[in-house]
Amino acid sequence: MTWLVTGAGGMLGTDLLARLRGGAVAPKRGELDVTDASAVREALRRHRPAAVLNCAAWTAVDDAETREDEALAVNGTAVAALAEGCAEIGAALVHLSTDYVFAGTGTEPYPEDHPTDPVNAYGRTKLAGERAVLAYERGYVVRTAWLYGAHGPNFVQAMVRLAAERETVDVVDDQTGQPTWTGDLADRVAALAARAASGAAPPGIYHGTSAGRTTWYGLAREVFTLLGLDPGRVRPTTSDRFVRPAARPAFSVLGHARWAEAGLEPMRDWREALHAAWPCLQVPAQGGSPGGSPP
């Protein structure tokens, strides 16, 4: 099969390209502007992929508060154009979305059909993209959250760096979610795309996060443990100590029931995944100079 992957240079896109079987077309940002509807349609007509995997997104959450129109152009309007282009050639569209479409006031995992209620501009723009995809009969939305991996700035790499720079680190303990390795997510998205292309998976919403739950504080402690350091050096604090322009959902735990309908298993527990990912993260087994990209 031929795949077209947008946003392939990012943390998830890089892992995804390594897992797709068949020919993958992965235009760089300078080669395909996803906000140019005519260019998108031309690329789809030229390559005629079996499925489009859309990893392109405006991800600057705080900046979206004052630049919502620009964020919407990428996260909403461009996605609608992708969906229209896919409809013209009959390709499946697998679109990556976010937990930020929920208010984050829950206490139990959000099922895929839970009502959405974003609390910030970024969430609103991503929800617009979701709606465009779901209006297409071969549209798939994969919501994810708390991503880390080897190919981009992320929280795990930040904690590795701070462990080498500071004696103690204050990390919020009042936001709960599911740390998710991009390697595991790429495996699942690639499998879903293959089934979507062949008509073996029902379209709709899937939640692409690891099983289990923790807080940012709990994740940071696990990183320190893997570094061979005292996790007591991580100190819990609250979100009001780190005021940011965009509100963050306090509870971002997603349910995974829908994967069974596609004949696929949900992802493993977040702690098991982090241990499996560790050798890929370019981090040392003991203190020393951390590798990877800074946040």
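Before reading further, recall that the structure is shown in the block above.
Residues numbered from 1 in each chain as written. Predicted model: local features only at pLDDT ≥ 70, side-chain atom pairs only at ≥ 80, totals over all residues. Heavy atoms only, no water.

(A) Structural detail: the environment of Ala 277. Within the fold, Ala 277 resides in helix α8 (residues 270-277). Considering only alpha carbons, one finds Ala 277 and Tyr 148, 129 residues apart in sequence, at a separation of 9.4 Å. With sequence-adjacent residues up to four places away left out, Ala 277 is seen in contact with Tyr 148 and Trp 181. (Helix = DSSP H or I, 4+ residues; strand = E, 2+ residues; numbered from the N terminus. Contact = heavy atoms within 4.5 Å.)

(B) Examining the nonpolar core more closely. Ranked by size, the top nonpolar core spans 29 residues in total, and within it Val 171, Val 223, Leu 274 and Trp 278 carry the most contacts. Taken together, the elements giving at least two residues each to this core come down to α5 (155-165), β7 (169-172), α7 (216-226) and α8. Take this core: its biggest share by element is seven residues, from α7. Setting aside its immediate chain neighbours within four residues, Val 171 contacts Phe 155, Met 159, Trp 216, Tyr 217, Ala 220, Val 234, Arg 235, Pro 236 and Thr 237. One finds Ala 92, Tyr 140, Ala 196 and Tyr 206 within the second-largest nonpolar core, a separate group that totals 28 residues. (Core = buried A, V, L, I, M, F, W, Y, C linked by side-chain atoms within 4.5 Å. Buried < 20%, exposed > 50% of the residue type's maximum accessible area, 1.4 Å probe, protein only.)

(C) Structural view of the sheet that holds strand β2 (residues 23-25). The parallel open sheet is built from six strands, whose spatial order is β2-β1-β3-β4-β5-β10. Edge positions in the open sheet fall to β2 and β10 (204-207), since each of these has one partner strand only. Across this sheet, the average inter-strand angle for adjacent strands is 25 degrees, counted without regard to direction. (Pairing = 2+ DSSP bridges. Axes fitted to C-alpha atoms, helices over the stretch in contact; angles between N-to-C directions.)

(D) The arrangement of the packing of aromatic side chains in detail. In total, this model carries seven aromatic pairs according to the counting rule given. When the centroid spacing of 3.6 Å and the interplanar angle of 10 degrees are considered together, the rings of Trp 146 and Trp 216 count as stacked. Of this pair, Trp 146 sits in the loop between β5 (139-144) and β6 (147-148) while Trp 216 sits in helix α7, placing them 70 residues apart in sequence. The same class applies to Trp 146 as to Trp 216, namely buried. (Phe/Tyr/Trp six-rings, centres within 6.5 Å; stacked < 30°, edge-to-face > 60°.)

(E) Inspection of unusual backbone geometry at higher detail. Residue Arg 48 is not a glycine yet carries a positive backbone phi of 45 degrees. Here Arg 48 lies in the loop between α2 (37-47) and β3 (51-54).

(F) Representation of the side chain of Glu 222 within the structure. Mapped onto the elements, Glu 222 comes out in helix α7. Under the relative-accessibility criterion, Glu 222 is labelled buried at 11%. The residues contacting Glu 222, other than those within four sequence positions of it, are Trp 270, Arg 271, Leu 274 and His 275.

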